[in-house]
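# Descriptive analysis of the structure
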Amino acid sequence: VPADVSLKVVEECIKKGVKSIILISGGFSELGNKIGKKREKVLKNLLSKGECRLLGPNMIGVYDAHTKLDTVFLKKDKLPRPPPGSIAFISQSGAIGAAVLDYLSKKGIGISKFVSYGNAADVNETDLIEFLGKDSKTHVITSYIEGIKGDGKKFISICKRVTKKKPILILKAGKTRIGRRAVASHTGSMAGSSRIYSAAFKQCGIIEVETIEELFEFGKAFVMQPLPKGNRLCIVTNGGGFGVLATDEAERQGIALPDLSEGLRRKLKRKMPEHVILHNPLDVTGDTTTERYKIVLKEIIRSKEFDGILVIIITQVPLLDETIADVLIRMNEKSKIPIIVCSTSTKLSEKLEKNNIPCYFLPEKAVKAFALMVRYSAWKHS
């Protein structure tokens, strides 16, 4: 129903004893004019008189991939729904929410729950994070926000508690001067200083990301792998250039790349060709085979000298075959440290991710994913 009619409907629902309302209609404070702001004020006054809770207005709905509750008003032939999973996504923007649902369904990334909350006249991001913190189907919480609609102190307090149990990744929009103006005319939010938000996020253990893609590219690592106990990373590569890029990013992110111990180097030297570079990054070189990767990874895991492994695989080299995926899957099943892969092969990446090994096309992204896991692990256990 249109915004002006919706107020009458909400009033009738409250009189009837309805406990929950999803209000999709736009035409409230996001208009930025007196009419819109007055409507939202009337809406809040109506809700204050009873026990009814309301999501919206100016939103697209709710989707629960496990129970199949689906109030998203966009049709499935135009907007496919993602499969069940353990990443929750809440979005202040309906358009972003729709785009993300489409992106996740095409990527095959599963979600637990999706909530578009719009202007947050009643239920806001703090309420949703508190709820998802208790939700057994949700292991990672992701969110697109333009500005905190609820009480700032309560937001920090709730997030501090939730991040001790599960990671929260947030994309904060409206960081630029013009962007903040756009936010005000979108969901009626005050975007605020990006530095203040970033400082608040750090204070309560929230992981701040820069793009929508990063929300889920980094989020999947937390779902698929155990948290590292420290920041010692071993890079194994068959492409020197990718190894160098990963090394540069590790230094930028404060990730340690300790060299192999003399004992580990001796073990590998007996089993490796002379031209294999037994440092960190460990370069198995372009004539590598699946067997060579298998030997190296097995000894690295056994050594307990590292808190994580980044395996870089350039699949185009002549002697490497498709069994590399099976080797990695078996290693991952036995390993107690996170294994992250950087691969240029879509086919290999899809197979590995179906078996809980996160894959990245670029080495910098893979290293950053590990770095975020390290930081979150330190926060969680502090």
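Structure: above.
Residues numbered from 1 in each chain as written. Predicted model: local features only at pLDDT ≥ 70, side-chain atom pairs only at ≥ 80, totals over all residues. Heavy atoms only, no water.

## Focus: the overall build of the protein chain
Along its length, the protein chain carries 14 helices and 13 strands. If one aligns the C-alpha atoms of the protein chain with their principal axes, the spans along those axes are about 80 × 40 × 35 Å. Within the protein chain, buried positions represent 54% of all 382 residues. Counted over contacts in the protein chain with a minimum sequence separation of 6, partners at least 24 positions apart contribute 74%. (Helix = DSSP H or I, 4+ residues; strand = E, 2+ residues; numbered from the N terminus. Buried < 20%, exposed > 50% of the residue type's maximum accessible area, 1.4 Å probe, protein only. Contact = heavy atoms within 4.5 Å.)

## As for helix α9 (residues 240-253)
Taking 1.5 Å per residue as the helical rise, α9 with its 14 residues ought to reach 20 Å, and the 20 Å between its terminal C-alpha atoms agrees with that figure. Each element contacted by the buried residues of α9 is listed here: β9 (233-237), β11 (308-313) and α14 (363-380). Two residues or fewer past α9, Gly254 is found with a positive phi of approximately 75°. (Expected span 1.5 Å × (residues − 1).)

## What about the sheet that holds strand β12 (residues 339-343)?
In spatial order, the strands read β10-β9-β11-β12-β13; together these five strands make up an open sheet with parallel pairing. The sheet terminates laterally at β10 (282-283) and β13 (359-360), the two strands that pair on one side only. The sheet contact formed by β12 and β13 spans two bridges and is parallel. In the sheet register, Val341 faces β13, and the bridge partner there is Cys359. (Pairing = 2+ DSSP bridges.)

## Remarks on the environment of Gly133
Among the structural elements, Gly133 can be located in helix α4 (residues 125-134). By relative accessible area, Gly133 is classed as buried at 5%. Here the alpha-carbon distance between Gly133 and Ile158, two residues 25 residues apart in the chain, equals 9.0 Å. Once residues within four sequence positions are removed from consideration, Gly133 is found in contact with Ile141, Val162, Lys165 and Lys166.

## Some words on the pattern of salt bridges
Two side chains that carry opposite charge are able to pair once their charged atoms sit near each other. This model, assessed by the stated rule, comprises 21 salt bridges. With a closest N to O distance of 2.8 Å, Arg81 and Asp70 form a salt bridge. Here Asp70 lies in the loop between β3 (62-64) and β4 (84-91) and Arg81 lies in the loop between β3 and β4, a separation of 11 residues in the sequence. Of the residues examined, Arg81 reaches a relative accessible area of 16% and is grouped as buried. (Salt bridge = Lys/Arg side-chain N within 4 Å of Asp/Glu carboxyl O.)

## Some thoughts on the sheet that holds strand β6 (residues 140-145)
If you trace the six strands from one edge of the open sheet to the other, you get β3-β5-β4-β6-β7-β8, paired in mixed fashion. Pairing within the sheet leaves two strands with one partner each, and these edge strands are β3 and β8 (207-209). Within this sheet the neighbouring strands show an average axis-to-axis angle of 20°, counted without direction. Each of β4, β5 (111-116), β6 and β7 (168-172) is contacted by α4, which is oriented at about 165° to β4, the strand it contacts most. (Axes fitted to C-alpha atoms, helices over the stretch in contact; angles between N-to-C directions.)

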